[in-house]
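Residues per chain, in single letters:
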Amino acid sequence: MIAIAPSAFAAHHEVTITNAAGSSTPGCEDTNNCFIPSVATVDLGAVVTWENTDNAAHTATGGTPSDGPSGVFDTSLIMAGGSYTVSFEDFDPGTYPYYCAVHPWMTGSIIVEDGST
């Protein structure tokens, strides 16, 4: 008999991503742990909330540090203890990289799936 955890079939309608404590200082990129989780998979229409549990201001800016902002989404500065939510309702399925514009070693990505499969 094969047991499957109920979370394997959980809908991805709401995801919360936190900043790692101390991520304003380089080092978290060595373990890909600046944003937790660093990769989040969501369905179309999902909302993603970035919670800043660090003691420095951060952003979640669509794009990459090498190419710059994509213009797809930008939380602006999220102060320590703050949060910002982005709806992925009008997005196409695909992978959306993001980074912190203040601390560019902090990177992550959102994978948007159509949810129909």
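Structural notes, computed from the coordinates. Being a predicted model, the structure only gives us computed values, none of them experimental.

Some points on the overall build of the protein chain
Part 1 of the argument: When helices and strands are counted, the protein chain shows zero helices and nine strands.
Part 2 of the argument: Put simply, the protein chain runs from its N terminus to its C terminus through helices and strands in the order β-β-β-β-β-β-β-β-β.
Part 3 of the argument: By sequence separation, contacts in the protein chain at least 24 residues apart represent 67% of the contacts at least 6 residues apart.
Part 4 of the argument: With the model as given, the accessible surface of the protein chain reaches about 6400 Å², and the carbon-plus-sulfur share is 54%.

Digging into the environment of glutamate 113
Part 1 of the argument: Topologically, glutamate 113 is positioned in strand S9 (residues 107–113).
Part 2 of the argument: The exposure class assigned to glutamate 113 is partly exposed, which follows from its relative accessible area of 38%.
Part 3 of the argument: Along the backbone, glutamate 113 and alanine 46 are 67 residues apart, and their C-alpha atoms lie at a distance of 9.8 Å.
Part 4 of the argument: Look past the residues within four positions of glutamate 113 in its chain and what remains in contact with it is Thr41, Val42, Asp43 and Leu44.

Concerning the sheet that holds strand S5 (residues 61–64)
To summarise the sheet geometry, strands pair through backbone hydrogen bonds and adopt either a parallel or an antiparallel arrangement.
Part 1 of the argument: Spatially, five strands are ordered S3-S9-S8-S5-S6 in an open sheet, and the strand pairing comes out mixed. Pairing within the sheet leaves two strands with one partner each, and these edge strands are strand S3 (39–43) and strand S6 (68–74). Sheet twist, expressed as the average angle between the axes of neighbouring strands with direction ignored, equals 40°.
Part 2 of the argument: Taken together, the six bridges between strand S8 (residues 94–99) and S9 define a ladder with antiparallel strand orientation.

Some thoughts on the sheet that holds strand S1 (residues 14–19)
Part 1 of the argument: The four strands are arranged S2-S1-S4-S7 in an open sheet whose pairing can be described as mixed. The open sheet is flanked by strand S2 (35–36) and strand S7 (83–87), the only strands paired with a single partner.

Side note on the environment of aspartate 92
Part 1 of the argument: Its location among the elements puts aspartate 92 in the loop between S7 and S8.
Part 2 of the argument: We classify aspartate 92 as exposed; its relative accessible area is 55%.
Part 3 of the argument: In this structure, aspartate 92 is in contact with Leu44 and Val112, ignoring residues within four places of it in sequence.

Brief notes about the pairing of S5
Part 1 of the argument: Bridge count between S5 and S6: three bridges; the pairing is antiparallel. Note that in S6 the partner of threonine 64 across the bridge is glycine 68.
Part 2 of the argument: The loop that links S5 with its antiparallel partner S6 comprises three residues.
Part 3 of the argument: One ladder, built from two bridges, connects S5 with S8; its direction is antiparallel. Counterpart to threonine 61 in the pairing with S8 is tyrosine 99.

Criteria and thresholds
Residues numbered from 1 in each chain as written. Predicted model: local features only at pLDDT ≥ 70, side-chain atom pairs only at ≥ 80, totals over all residues. Heavy atoms only, no water. Helix = DSSP H or I, 4+ residues; strand = E, 2+ residues; numbered from the N terminus. Contact = heavy atoms within 4.5 Å. Areas by Shrake-Rupley, 256 points an atom, 1.4 Å probe, with all protein chains shown as cover. Buried < 20%, exposed > 50% of the residue type's maximum accessible area, 1.4 Å probe, protein only. Pairing = 2+ DSSP bridges. Axes fitted to C-alpha atoms, helices over the stretch in contact; angles between N-to-C directions.

Taken by themselves, the reported measurements are silent on function.
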